[in-house]
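What the coordinates show
Residue-level listing of the chains:
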Amino acid sequence: MSTNVTIHHGEEINNSTGVSHKKLLMWTFLGSDVMFFGTFIATFMAYRNKSLNGPYPEDTLNIPITSVSTFVLLMSSLGIVLALHYLKEAKMGLAKFWLLLVIIMGIIFIGFQIYEFSHFAHMGMTPQVNLFGSTFFTLTSLHGAHVSLGILWLIFLLINEHRGNLNSGNAIDLEIAGLYWHFVDIVWIVIFALLYLITANDGVPPGSIPWIGGH
Amino acid sequence: MSSIAKPKQFQLPRIFPRPKSHKGLWYWLATVDHKKIGTMYGLVAFFWFLVGGIEALLIRLQLGQAESSILSPEVYNQMFTMHGTTMVFLVVMPLSAAFFNWIVPLQIGARDVAFPRLNALSLWVFIFGTILMNISWFVGGAPNGGWFGYPPNSSLGFNPGNGITYWVMGLNILGVASIAAGLNFIVTIINMRAPGMHMMKMPVFTWMTLITSVLIVLALPILAVAGIQLTADRIYGTNFFNSEAGGDPIFWQHIFWLFGHPEVYILILPAMGIVSEVLPTFSRKPLFGYTAIVFAGIVIGFMGWFVWSHHMFTVGLGPAANTAFTITTMLIAIPTGVKIFNWISTLWGGSIKLNTSMLFSIGFIAMFTIGGLSGVTHAASPSDAQQQDTYYIVAHFHYVLFGGSIFAIFSGIYYWWPKFTGWLLDEKLGKINFVLMFIGFNLQFGPMHWLGLNGMPRRIYTYTEDMGWEDSNLAATLGGLIIAISVLVFLGNIILSKRKKQNSGGDPWDARTLEWSIASPPPHYNFVQIPKVKHIDDWWYRKYPELLEGNNQNIKKQKIEVEDSSNVDESKIHMPDLSYYPLIIGVGLTIAALGVMYTYALVTIGLIMVFWGSIGWSTEPVNEDSKEHH
Amino acid sequence: MSLLKDLFFYQGNKWWKIPETTELSKNPKNEHPFGGFMEKSKNILLILSSGKGHAGPIYYWIIAAILGIITMIEVWWFGIKELRYMLVPAMLIFSILKFALVVAFFMHLRFDHKMFSTIFITCMVVGILFFSVFLLLSAFHGLGT
């Protein structure tokens with residue numbers, strides 16, 4: 001046994017597939033998150049048109065406003081992919097600009113959500129009021145929690161980038177944050193289709209009490 | 001990545017110094033070594049095994065005679081709930097995790113898992129989760145809704161107090177730990193195999209760990225959702241399971257068993273992996289049908305997702321659904337049967353060495369087969385209508401979970417103990433341990449079959465003399481006491497053997513896989529040189545190369561010593577340094593979970609701790625020398 | 001089917017093939033983003049992409065534009081009363097399309113290591129099958145009283 005062998009633990013020593021550990025971890029985590037959101041979405045669909053009293057989706061959901069926030073989130077996906085591209089090319093100014101823009105777009109999205117929630121609460125739609133409220137608020141607020149976590153993560157990366165700790169050499173750190181961000185975006189794509197567009201015309205289910213509150 | 005210099009590496013100011021010494025309590029709190037973490041998993045889980053066992057004994061004492069009142073009905077409900085929850089989440093899963101931690105990196109020829117600090121996080125979140133769940137005993141009563149917690153029985157209206165909420169929060173915290181560990185092992189196994197170790201050359205235990213991890217990663221989020229929904233119902237007054245607002249309690253049963261059935265395979269697949277390592281070693285023969293066993297495991301892992309409604313045959317899902325799930329449930333017996341026949345064929349014609357580990361493994365095959373067969377009897381939904389919620393079911397799942405998982409885990413403990421410690425457990429006491437446990441187990445759970453067929457329902461507090469259930473129940477209680485004695489024998493064995501300290505050497509069993517090619521206990525970096533793998537059971541064929549040429553007569557063992565690590569230059573060892581941030585995040589998460597039940601001040605404190613821990617974690621270099629940054 | 005395969009796997013990656021271990025192999029080189037069939041057809045997008053072996057910014061802008069247009073079509077479709085009877089299938093198809101575009105191109109699944117596709121698609125397939133069975137059961141059981 002040679003005595004001058006260096007004992008080291010890390011990706012570059014022991015890596016049987018050639019892909020980054022972190023990226024593999026993130027993809028596997030996203031697979032796990034698929035089941036998390038899948039269960040919530042399945043709950044929502046199973047309880048669709050099952051509320052016994054109002055307000056119902058047609059009384060509350062406002063498609064034009066949500067379309068704007070959807071568009072903002074969708075474009076933030078473009079922003080982060082550009083930020084990563086410029087980071088890999090070591091164009092630090094552009095990279096920082098796009099990352100900052102993504103963070104702002106994320107905050108705008110959260111702002112829309114806060115506005116939407118408070119608007120609903122003002123109209124009398126709360127998680128306690130009926131099944132639609134319970135399923136709608138848990139799903140969208142947990143999605144919002146994911147977005148908020150993503151914003152914190154990106155702010156952390158932006159600070160690192162600004163201090164010069166994040167550069168083309170460890171762009172993988174931004175890449176996995178980007179994967180997470182895109183995933184949150186595609187979850188919203190599904191939510192927008194199922195919770196908003198498909199549901200928004202749902203009126204009073206047979207046998208339930210019509211809603212007379214609101215504006 | 002380490003080659004790139006980072007000019008202004010920001011580091012969170014440390015409140016505590018980063019521990020350096022490899023001794024003392026501080027080291028154990030901050031360790032990232034997979035072996036130390038595995039040891040802690042094992043010790044904590046074994047502690048809960050004793051607690052869960054005491055709970056079981058109290059249940060058995062209460063049921064030993066007709067109309068006894070050793071426990072009050074209320075406490076009895078808490079006992080069986082916590083017995084089930086403890087044994088599933090606090091014992092079998094973490095004991096399996098202990099084996100994953102200890103064995104998987106050694107079997108695949110890695111120096112540690114892919115994310116050592118994430119591994120430590122899993123451990124600490126798990127430990128604090130177990131504590132959180134058991135605090136409930138002291139603050140107004142433990143959960144009492146059964147380990148499945150069906151609403152409306154677990155809804156606020158029927159179950160005021162914090163018991164159920166503690167249960168849900170505990171499960172969610174444990175879920176975080178399990179998912180983190182599952183992700184870590186998937187990456188470790190896929191990405192950190194030694195050069196040459198193709199997927200189809202991995203040891204079967206590693207394969208089963210991979211499949212189990214995939215199941216954990218996909219199934220636990222579903223439990224988390226169920227938990228969030230029930231907590232929201234209980235704390236914020238949402239309507240998920242509130243039938244007054246149109247919510248359906250059956251929905252909980254669906255989600256719970258959507259998670260619950262993969263969970264069953266999470267409990268049994270590691271056991272199957274352990275047995276698949278022990279049997280070939282002590283038969284001195286390769287595992288029969290390696291490929292079949294691996295694919296049977298994958299098929300079980302996939303089909304396990306589509307059988308959940310067999311827990312709900314009497315709910316009234318209708319004949320179409322019941323028939324479909326009857327068929328899928330019966331089909332899943334096929335891959336399981338494939339494995340059993342493979343194990344028996346492994347024994348066939350081998351030169352069998354009947355030591356304690358082997359006895360437990362053979363016990364596993366027999367008991368698991370009985371449990372599997374009784375499982376097939378209630379896979380048929382008409383027959384299940386008779387058996388649902390009777391002691392027949394209790395007998396069935398104890399035959400697969402105790403006779404299956406626990407027997408295999410004991411087999412694994414006896415098998416890998418010399419690798420863990422460097423000394424052997426006493427064989428004589430070990431055999432006494434096995435015989436007592438085998439007799440006690442069958443005495444306890446055998447009679448439950450006919451108790452159930454005689455109509456004794458599960459979870460009843462007591463029964464009258466004229467039911468004719470007394471003798472069998474008394475036998476079961478005696479069996480329970482014998483199991484308790486066998487566990488005491490096991491503990492005695494450890495203490496006596498430690499005093500004797502019979503040196504095992506690196507490879508006491510003349511075994512097959514890579515973990516036996518290094519010293520016992522292994523140095524903290526495991527392998528001085530990462531091995532190059534050519535075959536399944538590479539270590540075995542390095543010792544017996546003639547076997548590869550089809551030569552089965554007069555085999556000579558090559559003189560190969562286990563890897564010597566005595567003259568390694570200490571300054572050239574760059575393993576990940578200690579970190580206390582996982583501990584801080586674990587504490588923070590638990591405080592936040594407590595706060596959800598009491599006050600938002602605690603939630604804030606908890607989240608601040610999690611935030612502090614995460615920032616500290618991501619800014620500290622993994623290794624102070626090389627300034628490597630993960 | 002082959003179109004779907006082309007979307008997710010670059011140049012006939014065999015996704016069922018379990019990744020084999022190689023000694024210290026590097027990441028597979030980022031290949032041309034438009035894959036085989038696009039390359040052969042000399043698509044206009046090919047010229048727009050950076051041509052440096054990986055996708056360029058213009059190309060990301062194009063994907064984003066497609067996503068934005070689909071979203072607009074979705075909202076427009078929602079607003080037209082005559083198209084309501086087709087709303088559910090249309091929205092499902094559009095969201096699947098957007099989902100696939102983001103996953104395949106923004107998340108680089110199409111030109112990344114095939115293992116990531118395998119992992120993610122396996123999870124999606126298990127999840128979708130699983131929850132479909134579950135929703136089917138719910139529908140026939142008539143959840144809610």
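Residues numbered from 1 in each chain as written. Chains lettered and ligands numbered in written order. Predicted model: local features only at pLDDT ≥ 70, side-chain atom pairs only at ≥ 80, totals over all residues. Heavy atoms only, no water.

A word on unusual backbone geometry. A cis amide bond links Gly54 of chain A with the next residue in sequence, Pro55 of chain A, at an omega value of 0°. Tracing the chain through its elements places Pro55 of chain A in the loop between α1 (21–46) and α2 (57–60). Put simply, Ser520 of chain B and Pro521 of chain B share a cis peptide bond, and its omega is -15°. Take Pro521 of chain B: it is sitting in the loop between α14 (470–500) and α15 (538–543). Phi at Lys501 of chain B is positive, roughly 50°, even though this residue is not glycine. By relative accessible area, Lys501 of chain B is classed as partly exposed at 46%. (Helix = DSSP H or I, 4+ residues; strand = E, 2+ residues; numbered from the N terminus. Buried < 20%, exposed > 50% of the residue type's maximum accessible area, 1.4 Å probe, protein only.)

To continue, consider the interface of chain C and chain A. Listed by partner, the interface residues are 51 residues for chain C and 51 residues for chain A. The three residues of chain C that bury the most area against chain A are Phe78, Met107 and Phe116 of chain C, which together make up 14% of that side's buried surface. Joining chain C to chain A, the criterion identifies zero salt bridges. At the junction of chain C and chain A, the tally comes to zero residue pairs in polar contact (both at pLDDT 80 or more). Those elements that provide at least two residues to the side of chain C that touches chain A are α4 (57–79), α5 (87–106) and α6 (114–141) of chain C. For the side of chain C that touches chain A, the element with the highest residue contribution is α6 of chain C, accounting for 12 residues. Across the side of chain C that touches chain A, the residue classes tally to 31 nonpolar, 13 polar and seven charged. (Contact = heavy atoms within 4.5 Å. Buried area = accessible area lost by both parts, 1.4 Å probe. Salt bridge = Lys/Arg side-chain N within 4 Å of Asp/Glu carboxyl O. Polar contact = N/O pair within 3.5 Å; in protein donor to acceptor, adjacent residues only side chain to side chain. Nonpolar A, V, L, I, M, F, W, Y, C, P; charged D, E, K, R; others polar.)

With that settled, the discussion passes to the domain arrangement of chain B. All names here are of chain B. Segmenting chain B into domains produces domain 1 (267–500) and domain 2 (505–562). The interface of domain 1 with domain 2 comprises 20 residues on the first partner and 19 residues on the second. Approximately 1,400 Å² of surface area, both sides summed, lies buried where domain 1 meets domain 2, with 58% of it carried by carbon and sulfur atoms. Counting across the domain 1 and domain 2 interface gives one salt bridge. (Domains from an automatic or database assignment.)

It is worth spelling out the side chain of Ser68 of chain B at this point. Residues and elements named next belong to chain B. Secondary-structure assignment places Ser68 in the loop between α2 (34–63) and α3 (73–107). Overall, Ser68 belongs to the buried group, its relative accessible area being 10%. In this structure the side chain of Ser68 is engaged in a polar contact, spanning 2.5 Å, whose partner is the backbone oxygen of Gln62.

All right, on to α3 of chain B then. All names here are of chain B. Taking 1.5 Å of rise per residue, the 35 residues of α3 would be expected to cover 51 Å, and the 48 Å separating its terminal C-alpha atoms lies within 8% of that figure. At Thr86, α3 shows its largest kink, close to 35°. Backbone geometry just after α3 places Gly109 at a positive phi near 75°. (Expected span 1.5 Å × (residues − 1). Bend = angle between axes of the 7 residues up to and from the residue.)

So, on to a nonpolar patch on the surface. A cluster of nonpolar side chains, contributed by Leu149, Leu152, Ile155 and Ile159 of chain A together with Phe611 of chain B, occupies part of the molecular surface with about 470 Å² of accessible area. Here the nonpolar patch gets four residues from one element, more than from any other, and that element is helix α5 (residues 131–162) of chain A. (Patch = residues over 30% accessible without salt bridge, like charges linked within 9 Å, V, L, I, M, F, W, Y side chains within 5 Å. Areas by Shrake-Rupley, 256 points an atom, 1.4 Å probe, with all protein chains shown as cover.)

The next point concerns the interface of chain A and chain B. By a frequent convention, interface size equals the accessible area lost on bringing the separate parts together. Between chain A and chain B, the residue contacts involve 54 residues of the former and 69 residues of the latter. Of the roughly 5,200 Å² buried where chain A meets chain B, counting both sides, 64% is carbon and sulfur surface. Along the contact surface separating chain A from chain B lie zero salt bridges. At the boundary of chain A with chain B, the tally comes to 15 residue pairs in polar contact (both at pLDDT 80 or more). For the side of chain A that touches chain B, the secondary-structure elements that each account for two or more residues are β1 (7–8), α1 and α5 of chain A. Of all the elements, α1 of chain A adds the most residues to the side of chain A that touches chain B, at 14 residues.

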